[in-house]
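Notes for the structure review
Here are the chains, one letter per residue:
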Amino acid sequence: MTCIIVDDEPLAVKLLESFVARTPQLELKGAYTDSVEAIAALREQPVDLIFLDIQMPDMDGLELAHMLPKETMIIFTTAFKEYAFDSYEVNTVDFLLKPVRYNKFLAAVEKAEARSPQPIPPPFPKEREIPSLREGMGVGFFIRVDGELRQLQFNDILYVSGMKDYVMFYLSTQPRPLITHMTMKAVEDMLPADRFMRVHRSYIVALDKIRSIDRNDCIYIGEEIIHVTEAFRQPFQDYVTRHCVAK
């Protein structure tokens, strides 16, 4: 879903920008601290979803909301809960009180996603089919990204991150991840077990791409630091022990 942020507090904008960057369902088209500028931008380029503050100079969020196309979804972000009732006069998905927490933010985005008229991407083959699929994969495989099939090479994968029914493949060959509709279990079953390992509920790493591991079991890989959680610690430590030549 395309989205913009409208909030007259620069720190609030930066926080929401960081949340959008962590959320694969969202594509940020702009961030504005002035509601009048936001309206001008929206006339040029409408979006699916707006994260909108209410108390702002010149034009408050509720006034702006009444000027939007009826199909534009709104998630209000404000420090004043007394506005909650009035906010539902427009196409409000959710009402988030500041300081906004990421878990609340993500829940609101999922509500917007459920309302979105966009078609849901076709699912990956059922997980029981994955092992037989893996046998014929050779050096890579295809995933569906934005309606087209993209080929991935095992050697290019740094790590995989998951969120509900979507996964992000981070590659050494490009700066942005490839996002597809798939489960982490399916990815785990598909990738060669001698080259990839799940180290966290939401992460699978390419073992040969690990740069270093600190004393807190944090893996440094690509631009990410991934903590090995308790459920996956023993298999990972066993792997490190087998491949460690240091005294």
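Residues numbered from 1 in each chain as written. Predicted model: local features only at pLDDT ≥ 70, side-chain atom pairs only at ≥ 80, totals over all residues. Heavy atoms only, no water.

1. Points about the sheet that holds strand β14 (residues 218-221)
Strand order in this open sheet of three strands is β13-β14-β15, and the pairing throughout is antiparallel. Each edge of the open sheet carries a strand with a single partner, namely β13 (212-213) and β15 (224-227). Where β13 lies against β14, two bridges are found, and the strand directions are antiparallel. Paired with Ile 213 across the bridge in β14 is Ile 219. (Pairing = 2+ DSSP bridges. Helix = DSSP H or I, 4+ residues; strand = E, 2+ residues; numbered from the N terminus.)

2. Let's talk about the layout of surface pockets
Volume-wise, the second largest pocket comes out at about 160 Å³. Those elements giving two or more residues to the lining of the second largest pocket turn out to be β8 (157-163) and β9 (166-171). Along the lines of polarity and charge, the residues of the lining of the second largest pocket split into six nonpolar, two polar and three charged. (1 Å grid on protein atoms, 1.4 Å probe; cavity = no way out; pocket = protein on both sides within 12 Å on 5 of 7 lines; lining within 4 Å. Points joined across faces, edges and corners; volume = space filled by probe spheres on them. Nonpolar A, V, L, I, M, F, W, Y, C, P; charged D, E, K, R; others polar.)

3. Focus on the confidence of the model for the protein chain
Of all residues in the protein chain, 85% have pLDDT values of 70 or greater, and the mean over the chain is 84. Every residue in residues 119-136 scores below 50 in pLDDT, and together they form 24 contacts with partners more than four places removed in sequence or on other chains. (pLDDT = per-residue confidence, 0-100. Contact = heavy atoms within 4.5 Å.)

4. A few points about the packing of aromatic side chains
Following the criterion strictly, the structure yields nine aromatic pairs and no others. Among the aromatic residues, those joined into a cluster by ring pairs are Phe 19, Phe 51, Tyr 102 and Phe 105. (Phe/Tyr/Trp six-rings, centres within 6.5 Å; stacked < 30°, edge-to-face > 60°.)

5. A short note on the environment of Ala 108
Position of Ala 108 among the secondary structure elements: in helix α5 (residues 102-115). Under the relative-accessibility criterion, Ala 108 is labelled buried at 0%. Residues Ala 108 and Val 93 lie 15 residues apart in sequence; the distance between their C-alpha atoms is 6.9 Å. Among all residues touching Ala 108, those that are not within four sequence positions of it are Ile 75, Val 93, Asp 94 and Leu 96. (Buried < 20%, exposed > 50% of the residue type's maximum accessible area, 1.4 Å probe, protein only.)

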